[in-house]
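Structural features, examined
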Amino acid sequence: MLEDLRRLAPLTAQGSAARFLAHEWTPGGKPRDGVETSWDKDGVGGWIQTSSGRAVSVSFAFWIRDVDESGYFDDLEAVYEQAEHVLAGFLPEIENSSLAGHLVEHELTAADKDEFIRVRKWTLSGRTLTAGVIQQDTDLPVMVVVTLEESGIA
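The text that follows walks through the structure, step by step, so that each part is easy to find. (Residues numbered from 1 in each chain as written. Predicted model: local features only at pLDDT ≥ 70, side-chain atom pairs only at ≥ 80, totals over all residues. Heavy atoms only, no water.)

**Concerning helix H3 (residues 76-95)**
If you check H3, its first and last C-alpha atoms are 28 Å apart, about what 20 residues at 1.5 Å a residue would give, namely 28 Å. Close packing links the buried residues of H3 with strand S6 (56-65), strand S7 (103-105), strand S8 (116-124), strand S9 (127-134) and strand S10 (142-150). (Helix = DSSP H or I, 4+ residues; strand = E, 2+ residues; numbered from the N terminus. Expected span 1.5 Å × (residues − 1). Contact = heavy atoms within 4.5 Å.)

As C-alpha coordinates, then:
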(Lines give C-alpha, C1' and ligand atoms only; values in the text may rest on other atoms or scores of the structure.)
Protein backbone atom coordinates (compact mmCIF):
# COMPACT_ATOMS: atom_id res chain seq x y z
CA MET A 1 0.00 0.00 0.00
CA LEU A 2 2.85 2.41 0.82
CA GLU A 3 4.47 1.70 -2.56
CA ASP A 4 1.17 2.46 -4.28
CA LEU A 5 0.77 5.69 -2.30
CA ARG A 6 4.38 6.65 -3.08
CA ARG A 7 3.51 6.61 -6.77
CA LEU A 8 0.68 9.13 -6.36
CA ALA A 9 1.85 12.49 -7.60
CA PRO A 10 0.76 14.51 -5.76
CA LEU A 11 -0.46 12.64 -2.67
CA THR A 12 -4.09 13.72 -2.33
CA ALA A 13 -7.00 12.66 -0.15
CA GLN A 14 -9.00 11.63 -3.23
CA GLY A 15 -6.13 9.62 -4.71
CA SER A 16 -5.42 7.95 -1.37
CA ALA A 17 -9.08 6.96 -0.95
CA ALA A 18 -9.02 5.44 -4.44
CA ARG A 19 -5.95 3.38 -3.44
CA PHE A 20 -7.69 2.11 -0.31
CA LEU A 21 -10.65 1.02 -2.44
CA ALA A 22 -8.39 -0.60 -5.04
CA HIS A 23 -6.69 -2.63 -2.28
CA GLU A 24 -10.12 -3.68 -0.96
CA TRP A 25 -10.02 -1.87 2.37
CA THR A 26 -13.38 -1.39 4.10
CA PRO A 27 -14.50 2.23 4.50
CA GLY A 28 -15.29 3.31 8.05
CA GLY A 29 -18.01 5.83 7.32
CA LYS A 30 -15.98 8.92 8.25
CA PRO A 31 -16.15 11.10 5.11
CA ARG A 32 -14.66 14.56 5.19
CA ASP A 33 -15.03 17.00 2.31
CA GLY A 34 -16.58 14.18 0.26
CA VAL A 35 -13.69 11.75 0.84
CA GLU A 36 -13.80 8.62 3.01
CA THR A 37 -11.11 9.09 5.67
CA SER A 38 -11.29 5.95 7.82
CA TRP A 39 -10.44 2.45 6.55
CA ASP A 40 -9.92 -1.08 7.86
CA LYS A 41 -8.40 -4.27 6.49
CA ASP A 42 -7.26 -7.38 8.33
CA GLY A 43 -7.16 -5.60 11.70
CA VAL A 44 -5.12 -2.66 10.39
CA GLY A 45 -6.68 0.79 10.60
CA GLY A 46 -6.01 3.40 7.94
CA TRP A 47 -6.73 7.13 8.01
CA ILE A 48 -6.46 9.98 5.56
CA GLN A 49 -6.00 13.39 7.12
CA THR A 50 -5.91 16.80 5.50
CA SER A 51 -4.77 19.70 7.66
CA SER A 52 -5.82 23.31 7.35
CA GLY A 53 -2.53 23.96 5.54
CA ARG A 54 -3.74 21.37 3.00
CA ALA A 55 -1.07 18.85 3.98
CA VAL A 56 -2.16 15.26 3.32
CA SER A 57 -1.10 12.35 5.50
CA VAL A 58 -2.05 8.70 5.30
CA SER A 59 -1.60 6.70 8.50
CA PHE A 60 -1.80 3.04 9.36
CA ALA A 61 -2.14 1.60 12.87
CA PHE A 62 -1.15 -2.05 12.79
CA TRP A 63 -0.84 -2.66 16.54
CA ILE A 64 -3.14 -1.12 19.14
CA ARG A 65 -3.31 -1.75 22.86
CA ASP A 66 -6.31 -0.14 24.54
CA VAL A 67 -6.32 1.06 28.11
CA ASP A 68 -8.04 -1.20 30.66
CA GLU A 69 -11.47 -0.58 32.22
CA SER A 70 -10.04 1.92 34.69
CA GLY A 71 -8.87 4.13 31.83
CA TYR A 72 -5.22 3.27 32.48
CA PHE A 73 -2.75 0.43 31.92
CA ASP A 74 -1.77 -1.92 34.73
CA ASP A 75 1.86 -1.73 33.58
CA LEU A 76 2.41 1.08 31.10
CA GLU A 77 6.14 0.37 30.74
CA ALA A 78 5.35 -3.24 29.74
CA VAL A 79 2.91 -1.97 27.08
CA TYR A 80 5.55 0.42 25.74
CA GLU A 81 8.06 -2.44 25.66
CA GLN A 82 5.61 -4.64 23.73
CA ALA A 83 4.97 -1.85 21.24
CA GLU A 84 8.69 -1.19 20.78
CA HIS A 85 9.22 -4.91 20.13
CA VAL A 86 6.44 -4.89 17.48
CA LEU A 87 7.97 -1.80 15.86
CA ALA A 88 11.45 -3.37 15.83
CA GLY A 89 9.99 -6.42 14.09
CA PHE A 90 8.19 -4.27 11.53
CA LEU A 91 11.01 -1.87 10.60
CA PRO A 92 12.85 -4.48 8.47
CA GLU A 93 9.67 -4.87 6.40
CA ILE A 94 10.00 -1.22 5.43
CA GLU A 95 13.80 -1.14 5.13
CA ASN A 96 13.95 -4.32 3.01
CA SER A 97 10.87 -3.57 0.89
CA SER A 98 10.67 -2.14 -2.61
CA LEU A 99 10.81 1.26 -0.87
CA ALA A 100 14.37 0.66 0.37
CA GLY A 101 16.10 2.30 -2.58
CA HIS A 102 14.01 5.43 -2.09
CA LEU A 103 14.40 5.88 1.67
CA VAL A 104 16.73 8.51 3.12
CA GLU A 105 17.12 8.59 6.91
CA HIS A 106 15.54 11.75 8.28
CA GLU A 107 16.84 13.50 11.39
CA LEU A 108 14.40 13.49 14.29
CA THR A 109 13.16 16.81 15.62
CA ALA A 110 12.48 17.68 19.25
CA ALA A 111 8.76 17.46 18.40
CA ASP A 112 9.24 13.90 17.07
CA LYS A 113 11.02 12.88 20.25
CA ASP A 114 8.28 14.46 22.34
CA GLU A 115 5.38 12.97 20.35
CA PHE A 116 6.66 9.41 19.95
CA ILE A 117 7.83 6.83 22.47
CA ARG A 118 10.11 5.31 19.79
CA VAL A 119 10.32 6.53 16.19
CA ARG A 120 12.17 6.20 12.87
CA LYS A 121 11.75 8.73 10.11
CA TRP A 122 12.74 8.84 6.44
CA THR A 123 12.33 11.02 3.42
CA LEU A 124 10.61 9.05 0.67
CA SER A 125 10.44 10.69 -2.75
CA GLY A 126 10.08 14.16 -1.21
CA ARG A 127 7.57 13.00 1.40
CA THR A 128 8.02 12.06 5.03
CA LEU A 129 7.60 8.45 6.13
CA THR A 130 7.39 7.92 9.89
CA ALA A 131 7.13 4.64 11.81
CA GLY A 132 6.75 4.76 15.54
CA VAL A 133 5.12 3.99 18.84
CA ILE A 134 2.72 6.65 20.01
CA GLN A 135 0.29 7.36 22.82
CA GLN A 136 -1.32 10.73 22.33
CA ASP A 137 -2.75 10.96 25.85
CA THR A 138 -2.61 8.82 28.98
CA ASP A 139 -6.16 7.51 28.55
CA LEU A 140 -5.75 6.68 24.84
CA PRO A 141 -4.36 3.48 23.33
CA VAL A 142 -0.71 2.85 22.63
CA MET A 143 -0.28 2.30 18.88
CA VAL A 144 2.39 1.31 16.41
CA VAL A 145 1.81 3.53 13.38
CA VAL A 146 3.23 4.28 9.97
CA THR A 147 2.47 7.64 8.33
CA LEU A 148 3.23 8.97 4.85
CA GLU A 149 2.88 12.74 4.60
CA GLU A 150 3.13 15.32 1.88
CA SER A 151 2.63 18.96 2.76
CA GLY A 152 0.97 21.75 0.88
CA ILE A 153 -1.40 19.85 -1.45
CA ALA A 154 -4.95 18.64 -0.86
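So that's the structure; there's more coming.
**Side note on the pattern of salt bridges**
Counting across every chain of the model gives 9 salt bridges. Here arginine 6 ties to glutamate 3 by a salt bridge, and the two come within 3.0 Å at their closest N and O atoms. Of this pair, arginine 6 and glutamate 3 both sit in helix H1 (residues 2-7), separated by 3 residues, roughly a single helical turn. Judged by relative accessible area, which is 18%, arginine 6 ranks as buried. Notably, a salt bridge pairs arginine 118 with glutamate 84, separated by 3.1 Å at the nearest N-O pair. Of the two residues, arginine 118 sits in strand S8 while glutamate 84 sits in helix H3, which places them 34 residues apart along the sequence. Taking relative accessible area as the criterion, arginine 118 reaches 45% and is therefore assigned partly exposed. Several salt bridges share partner residues, and in doing so they unite Glu3, Asp4, Arg6, Arg7 and Arg19 into one network. (Salt bridge = Lys/Arg side-chain N within 4 Å of Asp/Glu carboxyl O. Buried < 20%, exposed > 50% of the residue type's maximum accessible area, 1.4 Å probe, protein only.)

**What to know about the pairing of S10**
The element S10 is largely enclosed, with a buried count of 8 among its 9 residues. Across 9 bridges, the pairing between S6 and S10 is antiparallel. The residue of S10 that forms the bridge with alanine 61 is valine 145. Sheet topology note: the S9/S10 ladder contains 7 bridges and is antiparallel. Note that in S10 the partner of leucine 129 across the bridge is leucine 148. (Pairing = 2+ DSSP bridges.)

**Here we look at unusual backbone geometry**
Omega for the bond connecting alanine 9 with proline 10 falls within 30 degrees of zero, at -5 degrees, which places this linkage in the cis form. Secondary-structure assignment places proline 10 in the loop between H1 and helix H2 (13-22). In this structure, aspartate 33 is a non-glycine residue whose phi angle is positive, near 55 degrees. Tracing the backbone through its elements, the reader meets aspartate 33 in the loop between strand S2 (31-32) and strand S3 (35-36). Even without being a glycine, aspartate 42 presents a positive backbone phi close to 55 degrees.

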